[in-house]
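Descriptive analysis of the structure
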Amino acid sequence: MTILDDIQKTISPEIELLNKCMADTLATPNAMMNEIVSNYLKTKGKQIRPILVILSAKLFGGVSPETISAAAAIEMLHNASLIHDDVVDDTHTRRNRPTINAIWDNHIAVLVGDFFVSSSLRQAVTTGDLRVIETISRLGCTLSLGEIDQIDKARGHDLDEQSYLGIIADKTASLFVACVKMGGYSVNASDADIERLSRFAYLFGLCFQIKDDIFDYFEDTAIGKPTGNDLREGKVTLPLLYALSRTDMPRHEEMKSLVCGDSLSTEEIAGLIDFAKEAGGIDYAYRRMEEFRAEAVEVISGFPDSEMRRTFINLFDYVIARKK
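Keep in mind it's a predicted model, so treat the numbers as computed, not measured. (Residues numbered from 1 in each chain as written. Predicted model: local features only at pLDDT ≥ 70, side-chain atom pairs only at ≥ 80, totals over all residues. Heavy atoms only, no water.)

1. With respect to the packing of helix H10 (residues 191–215) against helix H15 (residues 281–300)
Definition in use: Each axis is a line fitted through C-alpha atoms, and for a helix only the stretch in contact is used; angles between axes span 0 to 180 degrees, taken between their N-to-C directions. Elements are defined by DSSP. Helices are runs of H or I of four residues or more, strands are runs of E of two residues or more, and each kind is numbered from the N terminus. Roughly parallel means an angle under 35 degrees; roughly antiparallel, over 145; roughly perpendicular, 65 to 115; everything else is oblique. Note on convention: near helix rotated counterclockwise from far helix by under a right angle means a left-handed crossing. Clockwise means right-handed. Whether two residues are in contact is decided by their heavy atoms, any of which lying within 4.5 Å being enough. The classification used treats Ala, Val, Leu, Ile, Met, Phe, Trp, Tyr, Cys and Pro as nonpolar, Asp, Glu, Lys and Arg as charged, and all other residues, Gly among them, as polar.
Packing of H10 against H15 leaves a shortest axis separation of 9 Å and a crossing angle of 165°. One element, H10, and the other, H15, form an angle in the roughly antiparallel class. In this structure, the crossing between H10 and H15 has a hand that is left-handed. Contacts between H10 and H15 involve Arg196, Leu197, Arg199, Phe200, Leu203, Leu206, Cys207, Ile210, Lys211 and Ile214 on the former and, on the latter, Ile282, Ala285, Tyr286, Met289, Phe292, Glu295, Ala296, Val299 and Ile300. Across the contact of H10 with H15, the residue classes tally to 15 nonpolar, no polar and four charged.

Given below as structure tokens:
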């Protein structure tokens, strides 16, 4: 049993309410849509984002009906982005199950993703809190711009760590920041407390994405996922960015010229991955995560000691240590 399993067990009544809220919101008179949605919801994933909404509310005193609505809104928006990503990336499996676009087609998958977006906004509206509605609305914009920025930087071969951190702040960390804000809003926490927890969530989100990026340097034998998918898409992530900053490495110029090329062969991708490992890129990425964790622990230590405060730190540790 993982740390996340323990946390899920602790808040199982709230998670049950969350899942019922999503199922009710996504129910329609249309049999085809209901079949697609029902099949999709059979595999819920880790649900870390709505869990953060719930934990934030608990840290600030308790869970309200508005907390559950906010958690459902954030999870449905996140799932909409996954459904659309599967179309863009032509992905046929997710969480070891066929994607919507694989079972049906891209046209239907895009429409279902749009339906999830609209349903997310509907749930945000039920909170009656303009701050929650604004957070969800802004989040959709930020996530889209983060992805566009990543594509732009990839095409321009921008090999700068600060640019990388800016991209993952928008495309990943912003979602976690929105989670804790909405959890705080749902129980009328103070602005100062929400801002403090938002900094924690920002650092949490950076580490979440860095760890995801590390996975791309190792083959996943459990699901047969190959390495180098990011590089195939022109994305240069932290381990390789660090390696390319090592001008003392023998193959530095050769590797840099490969990255700045138009496309990469399987052999070239394998060479870049080996180079990143040899230059200490993986170790560097873990060091950066530990630095972010240290700051996050310091930030959340501003709250009174409690089981919930410790739960946030445990969840941070889970993200760094997770295997998938």
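There is more to say after this.
2. Some points on the environment of glycine 166
Tracing the backbone through its elements, the reader meets glycine 166 in helix H9 (residues 161–186). Residues glycine 166 and leucine 206, spaced 40 residues apart in sequence, show a C-alpha to C-alpha distance of 9.5 Å.

3. Quick notes on the confidence of the model for the protein
For clarity, the threshold we go by: Think of pLDDT as the predictor's per-residue confidence, scored from 0 to 100.
Per-residue confidence for the protein gives a mean pLDDT of 92, with 98% of residues at or over 70. When the elements of the protein are averaged for pLDDT, strand S1 (residues 93–94) gives the smallest value, 84, and H15 the largest, 98. Per-residue pLDDT stays below 50 along residues 221–225; that stretch engages in three contacts with residues further than four places along the chain or on separate chains.

4. Describing the side chain of glutamate 75
Assignment of secondary structure puts glutamate 75 in helix H5 (residues 65–88). Setting aside residues no more than four positions away along its own chain, glutamate 75 makes contact with Met22, Lys44, Gln47, Arg49 and Pro50.

5. Brief notes about the environment of leucine 206
Spelled out, the test is: Working definition: with a 1.4 Å probe on protein chains only, accessible area under 20% of the residue-type maximum means buried, over 50% means exposed, and in between means partly exposed.
Along the polypeptide, leucine 206 turns up in helix H10. Residue class for leucine 206 comes out buried when judged on its relative accessible area of 2%. Sequence spacing of leucine 206 and alanine 102 is 104 residues, and the spatial spacing of their C-alpha atoms is 31 Å. Those residues in contact with leucine 206 that lie beyond four places of it in its chain are Leu165, Ile168, Ala169, Ala173 and Phe292.

6. Digging into the packing of helix H13 (residues 252–259) against helix H14 (residues 266–278)
For the pair H13 and H14, interaxial distance at closest approach is 11 Å and the crossing angle is 130°. As summarised for this structure, H13 and H14 are arranged oblique, according to the angle between their axes. When the axes of H13 and H14 are compared, the crossing they make is left-handed. On H14, the residues touching His252, Met255, Leu258 and Val259 of H13 are Glu268, Gly271, Leu272 and Phe275.

7. Some details on the packing of aromatic side chains
Aromatic rings in a pair are described by how distant their centres are and how their planes are angled relative to each other. Here is the rule: Any two of the Phe, Tyr and Trp rings considered here, Trp counted by its six-membered ring, make a pair once their centres fall within 6.5 Å; the pair's planes then place it as stacked at under 30 degrees, edge-to-face at over 60, or tilted in between.
Enumeration over the complete set of coordinates arrives at nine aromatic pairs. When the ring of tyrosine 40 is compared with that of phenylalanine 116, the centres are 5.6 Å apart and the planes differ by 75°; the resulting orientation is edge-to-face. A residue pair is termed long-range when its members are at least 10 positions apart, and tyrosine 40 in helix H3 (residues 31–41) and phenylalanine 116 in helix H7 (residues 106–126) qualify at 76 residues. Residue tyrosine 40 is classed as buried on the basis of its relative accessible area, which comes to 13%. Here phenylalanine 116 falls in the buried class, since its relative accessible area comes to 1%.

8. A closer look at the pattern of salt bridges
Let me state the cut-off plainly: The rule for a salt bridge is simple: a side-chain nitrogen of Lys or Arg has to be within 4 Å of a carboxyl oxygen of Asp or Glu.
In this structure the tally under the stated criterion is 18 salt bridges. With a shortest N-O distance of 2.8 Å, aspartate 129 and arginine 131 are connected by a salt bridge. With a relative accessible area of 31%, arginine 131 lands in the partly exposed category. Across the pair glutamate 147 and lysine 171 runs a salt bridge whose closest N-O atoms are separated by 3.9 Å. In this pair, glutamate 147 is assigned in helix H8 (residues 130–155) and lysine 171 in helix H9, connecting sequence segments 24 residues apart. Given the relative accessible area of 16%, lysine 171 is considered buried. Within the structure, one salt-bridge network assembled from shared partners comprises Glu161, Arg288 and Glu291.

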